[in-house]
Amino acid sequence: MVSRSESAAATRRALLDAAAELLDEGGPEAVTLREVGARAGVSRGAPYGHFADKETLLGAVAAEGWERLGDEITALRGTPSERLRGALAALVAIGRRHPHRYRQMYAPPAGEEPGTMIHASCRTQEAFLAIVSELVDEADVHRYGGLLFTGVNGIIAAELSGHFATGTWHTSADELVDTLAALIPPGRPHARADL
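The structure displayed is predicted, hence computed values, not measured ones. (Residues numbered from 1 in each chain as written. Predicted model: local features only at pLDDT ≥ 70, side-chain atom pairs only at ≥ 80, totals over all residues. Heavy atoms only, no water.)

### Observations concerning the UniProt feature "domain: HTH tetR-type" (unreviewed entry) in the protein chain
Then, number 1: Using the residue numbers shown here, the UniProt feature "domain: HTH tetR-type" (unreviewed entry) corresponds to residues 9-69.
Then, number 2: The span residues 9-69 carries 77% helix and 0% strand; its end-to-end C-alpha distance comes to 22 Å. (UniProt positions renumbered as here; feature names shortened; annotations may be inferred. Helix = DSSP H or I, 4+ residues; strand = E, 2+ residues; numbered from the N terminus.)

### Observations regarding the UniProt feature "DNA-binding region" (unreviewed entry) in the protein chain
Then, number 1: UniProt's entry tags residues 32-51 with the feature "DNA-binding region" (unreviewed entry), counted in the numbering of this structure.
Then, number 2: For residues 32-51, the helix share is 65%, the strand share is 0%, and the end-to-end C-alpha distance is 11 Å.

### Describing the packing of helix H1 (residues 4-26) against helix H4 (residues 54-74)
Then, number 1: Between H1 and H4, the least distance of the axes is 10 Å, while the angle of their chain directions is 90°. The pairing of H1 with H4 is recorded here as roughly perpendicular in orientation. The segment H1 lies against H4, with Arg-12, Arg-13, Leu-15, Leu-16, Ala-19, Ala-20 and Leu-23 engaging Leu-57, Leu-58, Ala-60, Val-61, Glu-64 and Arg-68.
Then, number 2: When its residues are assigned to classes, the contact of H1 with H4 shows 9 nonpolar, no polar and 4 charged. (Axes fitted to C-alpha atoms, helices over the stretch in contact; angles between N-to-C directions. Parallel < 35°, antiparallel > 145°, perpendicular 65-115°, else oblique. Contact = heavy atoms within 4.5 Å. Nonpolar A, V, L, I, M, F, W, Y, C, P; charged D, E, K, R; others polar.)

### A closer look at the packing of aromatic side chains
Then, number 1: A complete count under the given rule lists 5 aromatic pairs for this structure.
Then, number 2: Every member of this aromatic cluster is reached through a ring pair, and the members are Trp-66, Tyr-102, Tyr-106, Phe-128 and Phe-149.
Then, number 3: In this arrangement the basic side chain of Arg-143 is found over the ring face of Tyr-144, its NZ or CZ atom lying 5.1 Å from the centre. (Phe/Tyr/Trp six-rings, centres within 6.5 Å; stacked < 30°, edge-to-face > 60°. Lys NZ or Arg CZ within 6 Å of the ring centre and 35° of its normal.)

### With respect to the nonpolar core
Then, number 1: Grouped together as the largest cluster of nonpolar side chains are 36 residues, with contacts concentrated most on Leu-69, Leu-84, Leu-88, Phe-128, Leu-148 and Val-152.
Then, number 2: If you list the elements that add at least two residues to this core, you get H4, helix H5 (80-97), helix H6 (99-106), helix H7 (114-133), helix H8 (141-160) and helix H9 (173-182).
Then, number 3: Look past the residues within four positions of Leu-88 in its chain and what remains in contact with it is Phe-128, Leu-148, Val-152, Val-177 and Ala-181.
Then, number 4: In terms of nonpolar packing, the next biggest core, distinct from the first, is built from 15 residues, Leu-16, Ala-20, Leu-23 and Leu-57 among them. (Core = buried A, V, L, I, M, F, W, Y, C linked by side-chain atoms within 4.5 Å. Buried < 20%, exposed > 50% of the residue type's maximum accessible area, 1.4 Å probe, protein only.)

### Re the pattern of salt bridges
Then, number 1: Applying the stated criterion across every chain, the model contains 13 salt bridges.
Then, number 2: Across the pair Arg-68 and Glu-64 runs a salt bridge, and its minimum N-O distance is 3.5 Å. Here Arg-68 and its partner Glu-64 are both found in helix H4, 4 residues apart, which amounts to about one turn of the helix.
Then, number 3: By relative accessible area, Arg-68 is classed as partly exposed at 46%.
Then, number 4: Across the salt bridge formed by Arg-123 and Asp-71, the nearest N and O atoms sit 2.4 Å from each other. Of the two residues, Arg-123 is situated in helix H7 and Asp-71 in helix H4; the sequence distance between them amounts to 52 residues.
Then, number 5: For Arg-123, a relative accessible area of 29% corresponds to the partly exposed category.
Then, number 6: Three or more residues joined by partner-sharing salt bridges are found here, namely Arg-13, Asp-17, Glu-64 and Arg-68. (Salt bridge = Lys/Arg side-chain N within 4 Å of Asp/Glu carboxyl O.)

### As for the environment of Thr-168
Then, number 1: With respect to the secondary-structure elements, Thr-168 resides in the loop between H8 and H9.
Then, number 2: According to the relative accessible area criterion, Thr-168 is exposed, its value standing at 54%.
Then, number 3: A distance of 3.1 Å separates a polar atom in the side chain of Thr-168 from a polar atom in the side chain of Thr-166. (Polar contact = N/O pair within 3.5 Å; in protein donor to acceptor, adjacent residues only side chain to side chain.)

### Focus: the packing of H1 against helix H2 (residues 33-40)
Then, number 1: Where H1 meets H2, the axes come as close as 8 Å, and the angle between the chain directions of the two elements is 115°. In terms of axis orientation, H1 runs roughly perpendicular to H2. Crossing angle aside, the handedness with which H1 passes H2 is right-handed. Between H1 and H2, the contacting residues are Ala-14, Leu-15, Ala-18, Ala-19, Glu-21, Leu-22 and Glu-25 on the first element and Glu-35, Val-36, Gly-37, Arg-39 and Ala-40 on the second. (Left-handed = near helix turned anticlockwise from the far one by under 90°.)

Pasting the structure below:
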C-alpha cells in the first residue's frame, strides 16, 4: 500500500515533469496550473496543493534543472581541462535541448520559494568553481570562473536568439566555447603534486 507521503511525492513528481514538458514545448506561457494538472493526470486542485502559483512551479522546475546540471558536473571524470570542457558542454546542451527551461534557470527567482532555486544554482556554480580551482591560482578562481560561466551563458543566449545565423560573426557557439575554454591554462604549473 502506498503511503500518503509517497502518493504526495509521486504527484509532485508528475506535476514537475508535466510542467517541464509544457515549458519545453511552448515556453512559460504554455504552463498553467490547470494544464499541468491535466497533463499529469491529477485532479484540478492537485497542483495548488503543491505549488502556490505558476511562478513557484516554474521556480521548482528551474531549481531541478540546476540540480541535474550540478549532478552532471560533479560526475564528470578526466583531467581538469577535460572536466571544464565537459561542464561548458553541459551548459550548452541544456540551452540547445531545453531553451525555455534554460532561460527559466537564468531568470530571477520568483514564486514563494526563491531560495530553492538560489541554493540549487549556487551548488552547481560551486561544482563548476571546484573544477576551475584545479586549473588556476586560488586568487583567480572566481574571476576566471565568472568569466567562463557568464561567457558561456552569453554565447548560448546569442545562439538561441539567432545571432550566429545572421552571418555577421563568421563563427559558431561551439567555436566560441572552445575559445573561452582555451583562455584557461591546462593546469597550474606551480601547483603542488599532492593537491
